[in-house]
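One letter stands for each residue in the lines below.
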Amino acid sequence: VSSYGVSIVSGSRIKFDYAGVYNIQFSAQFERGSGSTAKDVVIWLRLNGNDVADSATRITFQGAGGHYFVAAWNFFQPVSKNDYCEIMWTQNDSIGIAYDPADLTIPYPAIPSVILTVNKVN
């Protein structure tokens, strides 16, 4: 993993060593464990502990549990030196971020719960 001035600190903070505009891209594999009615997950960006205006998006699980949904999008965010961002999420049911280990029978590699890519664009 190359960092080039971007690092993960305190478990969830994406810290920037240099000012600029960054493209923060992610994908997260959500899984609904149970339930039968429509339930939501809301994902948004937070900068230095403050929610970024107009950055939230809602995804809705329809029907029974056991379903997966992959959320994948990006944020273009200006930051100053030593700023940090966090990708936040909340849900209103038995929804979590899922990791699937490699399957040796079918076979395929493990499916990560979250993938993060950060690029400086200016």
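Refer to the structure above for everything that follows.
What counts and how
The numbering scheme is per chain: residues are counted from 1 as the chain's sequence reads. Local features are withheld for residues below a pLDDT of 70 in this predicted model, meaning they are given only at 70 or higher, and side-chain atom pairs are given and counted only at 80 or more; totals for whole chains, interfaces and linings count all residues. By convention in this description, side-chain values take in all heavy atoms of the structure and omit both hydrogens and water. Numbered from the N terminus, helices here are DSSP runs of H or I no shorter than four residues, and strands are runs of E no shorter than two. Categorising residues by exposure relies on relative accessible area from a 1.4 Å probe, with only protein chains included: less than 20% of the type maximum marks a residue as buried, more than 50% marks it as exposed, and the intermediate range marks it as partly exposed. Take the buried residues of types Ala, Val, Leu, Ile, Met, Phe, Trp, Tyr and Cys, join any two whose side-chain atoms come within 4.5 Å, and each joined set is a nonpolar core. Every residue pair with non-hydrogen atoms within 4.5 Å of one another is taken to be in contact. The patch calculation keeps residues exceeding 30% relative accessible area without a salt bridge and links them within 9 Å when they carry like charges or within 5 Å when they are nonpolar (Val, Leu, Ile, Met, Phe, Trp, Tyr). Residue burial considers only the protein chains on display, and all accessible areas are found by Shrake-Rupley using a 1.4 Å probe. One speaks of a salt bridge when a side-chain nitrogen belonging to Lys or Arg is within 4 Å of a carboxyl oxygen belonging to Asp or Glu. Planes of paired rings set the category: under 30 degrees apart is stacked, over 60 is edge-to-face and the rest tilted, where pairs are Phe, Tyr or Trp rings (Trp by its six-membered ring) whose centres lie within 6.5 Å. Ring-over charges, as used throughout, are those where CZ of Arg or NZ of Lys falls within 6 Å of the ring centre and within 35 degrees of the ring normal.

A. Structural context of the overall build of the protein chain. Looking only at helices and strands, one finds zero helices and ten strands in the protein chain. Secondary structure elements of the protein chain, listed N to C terminal, follow the sequence β-β-β-β-β-β-β-β-β-β. Taken along its principal axes, the extent of the C-alpha atoms in the protein chain is 45 × 35 × 25 Å. A buried classification covers 29% of the 122 residues belonging to the protein chain.

B. Representation of the nonpolar core within the structure. Within the largest apolar cluster, 19 residues are counted, with the highest numbers of intra-cluster contacts made by Phe16, Ile24, Phe30, Val41 and Cys85. Secondary-structure elements contributing two or more residues to this core are strand E2 (13-16), strand E3 (20-32), strand E4 (39-47), strand E6 (57-61) and strand E7 (67-79). No other element matches the five residues that E3 contributes to this core. Leaving out residues up to four positions away in the same chain, Ile24 has contacts with Ile14, Phe16, Leu45, Trp73, Asn74, Phe75, Gln77, Cys85, Ile87, Leu116, Thr117 and Val118.

C. Looking closely at the environment of Gly5. Along the chain, the position of Gly5 falls in the segment before strand E1 (6-9). Judged by relative accessible area, Gly5 falls into the buried class, the value being 10%. The sequence separation of Gly5 and Lys120 amounts to 115 residues, and the corresponding C-alpha distance is 9.6 Å. Not counting residues up to four positions away in its chain, the partners in contact with Gly5 are Lys15, Phe16, Asp17 and Tyr18.

D. Layout of a nonpolar patch on the surface. There is a patch of nonpolar side chains on the surface, built from Trp89, Ile97 and Val114 and spanning about 240 Å² of accessible area. Mapped onto the elements of the fold, Trp89 is located in strand E8 (residues 84-91).

E. Unusual backbone geometry, seen in detail. Its identity as a non-glycine residue notwithstanding, Ser10 has a phi of 55°, on the positive side. Classification of Ser10 by relative accessible area gives exposed; the value is 65%. Not every positive phi belongs to a glycine, and Asn48 is a case in point at roughly 50°. Take Asn48: it is sitting in the loop between E4 and strand E5 (50-51). Among the residues examined, Asn48 registers a relative accessible area of 32% and is labelled partly exposed.

F. Structural context of the packing of aromatic side chains. Within this structure, the stated rule accounts for five aromatic pairs. Plain terms: the ring middles of Phe16 and Tyr22 are 4.5 Å apart, the flat faces sit at 50° to each other, and that makes the pair tilted. Taken as a pair, Phe16 and Tyr22 share a single burial class, namely buried. Where Phe26 meets Trp73, the ring centres are 5.3 Å apart and the plane angle is 75°; that geometry is what we call edge-to-face. Note that Phe26 is positioned in strand E3 and Trp73 in strand E7, a separation of 47 residues in sequence. When its relative accessible area of 7% is taken as the criterion, Phe26 is described as buried. A network of ring pairs unites the aromatic residues Phe26, Trp73 and Phe75 as a single cluster. For the cation-ring pair, Arg13 lies above Tyr84, with the distance from its terminal atom to the ring centre recorded as 4.2 Å.

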